[in-house]
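Now for the letters of each chain:
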Amino acid sequence: MTDSLGQQKPVNIKALLQACRSKEETFKALMTLSKTLPRLSAEEKTEDNKVKGCESAVWLIMEGNDGLRHFKADSDAKLMRGVLVAILSLVEGKTLADIQQMDLKAELAELNLSSYLTSSRTNGVLAILNKINTV
């Protein structure tokens, strides 16, 4: 199942990542997920949309005027694109208040990504979560 942005629904991504029994399986799943994230145009990859603090270049755009948050994101790193799909699956289509009430760090911990989140990537993920909570 996909949403309006072509992204998989949260339960499917969560189940997919939780079913991984090895680092290699998780890596393959993230690579597969990375292919589902629509690429941003060159015009969308602006400094304003760039997430500061990420090791890789990451851009995040929030859209929507219906009270619900809709996100578009991209990265120059394929692994990070997979991580972005996992992150966005948690927040896509929710209100800002709902997002701010979530413990996104705990939600991500349930997705078995810890072996891929080096200290520098963890800092990048925290910067992404911070931007999601404020846009």
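Residues numbered from 1 in each chain as written. Predicted model: local features only at pLDDT ≥ 70, side-chain atom pairs only at ≥ 80, totals over all residues. Heavy atoms only, no water.

A. How the structure looks around the overall build of the protein chain. Secondary structure assignment for the protein chain yields six helices and two strands. Starting at the N terminus and ending at the C terminus, the protein chain contains elements arranged as α-α-β-β-α-α-α-α. Within the protein chain, the fraction of its 135 residues that count as buried is 41%. Counted over contacts in the protein chain with a minimum sequence separation of 6, partners at least 24 positions apart contribute 59%. Accessible surface computed for the protein chain: about 6,900 Å², of which carbon and sulfur atoms make up 52%. (Helix = DSSP H or I, 4+ residues; strand = E, 2+ residues; numbered from the N terminus. Buried < 20%, exposed > 50% of the residue type's maximum accessible area, 1.4 Å probe, protein only. Contact = heavy atoms within 4.5 Å. Areas by Shrake-Rupley, 256 points an atom, 1.4 Å probe, with all protein chains shown as cover.)

B. Just the nonpolar core, in detail. The biggest cluster of nonpolar side chains holds 34 residues, and the ones touching the most others in it are L17, I87, L88, V91, L108, I128 and I132. Those elements that place two or more of their residues in this core are helix 1 (10-18), helix 2 (23-34), strand 1 (58-63), strand 2 (70-75), helix 3 (78-91), helix 5 (104-109) and helix 6 (119-134). Discounting residues that sit within four places of it in the chain, I132 has contacts with L60, F71, I87, L88, V91, L96 and I99. (Core = buried A, V, L, I, M, F, W, Y, C linked by side-chain atoms within 4.5 Å.)

C. Representation of the pattern of salt bridges in the model. Per the counting criterion, the structure on display carries seven salt bridges. For K52, the salt bridge is made with E47, and the minimal N-O distance between the two is 4.0 Å. Summarising the burial analysis for this pair, K52 and E47 share the class exposed. Linked by salt bridges that have partners in common, R39, K45, D74 and R81 make up one network. (Salt bridge = Lys/Arg side-chain N within 4 Å of Asp/Glu carboxyl O.)

D. Just helix 3, in detail. Taking 1.5 Å of rise per residue, 14 residues should cover 20 Å, and helix 3 covers 20 Å from first to last C-alpha, within 8% of that figure. Most of helix 3 sits inside the fold, with 13 of its 14 residues counted as buried. (Expected span 1.5 Å × (residues − 1).)

E. Structural detail: the side chain of N49. Mapping N49 onto the fold places it in the loop between helix 2 and strand 1. Engagement of the side chain of N49 in a polar contact is seen with the backbone oxygen of E44, the distance being 2.8 Å. Ignoring anything within four residues of it in the chain, the contact list for N49 reads E44, V58, W59, L60, I61 and K131. (Polar contact = N/O pair within 3.5 Å; in protein donor to acceptor, adjacent residues only side chain to side chain.)

F. Representation of the pairing of strand 1 in the model. Note: strand 1 against strand 2, six bridges, orientation antiparallel. Its bridge partner being in strand 2, I61 is matched across the sheet by K72. Counting the residues between successive antiparallel strands, the hairpin from strand 1 to strand 2 contains six residues, one of them, G64, with a positive phi of roughly 120°. (Pairing = 2+ DSSP bridges.)

G. Layout of the environment of D98. Mapped onto the secondary structure, D98 falls in helix 4 (residues 96-101). You can call D98 partly exposed: its relative accessible area is 38%.

H. Here's a closer look at the packing of helix 2 against helix 3. Direction vectors running N to C along helix 2 and helix 3 enclose 80°, while the axes themselves pass 7 Å from each other. Relative to helix 3, helix 2 is oriented roughly perpendicular. Residues F27, L30, M31, L33 and S34 of helix 2 form the contact with helix 3, whose own contacting residues are K78, L79, R81, G82, V83 and V85. Split by residue class, the contact of helix 2 with helix 3 holds seven nonpolar, two polar and two charged. (Axes fitted to C-alpha atoms, helices over the stretch in contact; angles between N-to-C directions. Parallel < 35°, antiparallel > 145°, perpendicular 65-115°, else oblique. Nonpolar A, V, L, I, M, F, W, Y, C, P; charged D, E, K, R; others polar.)

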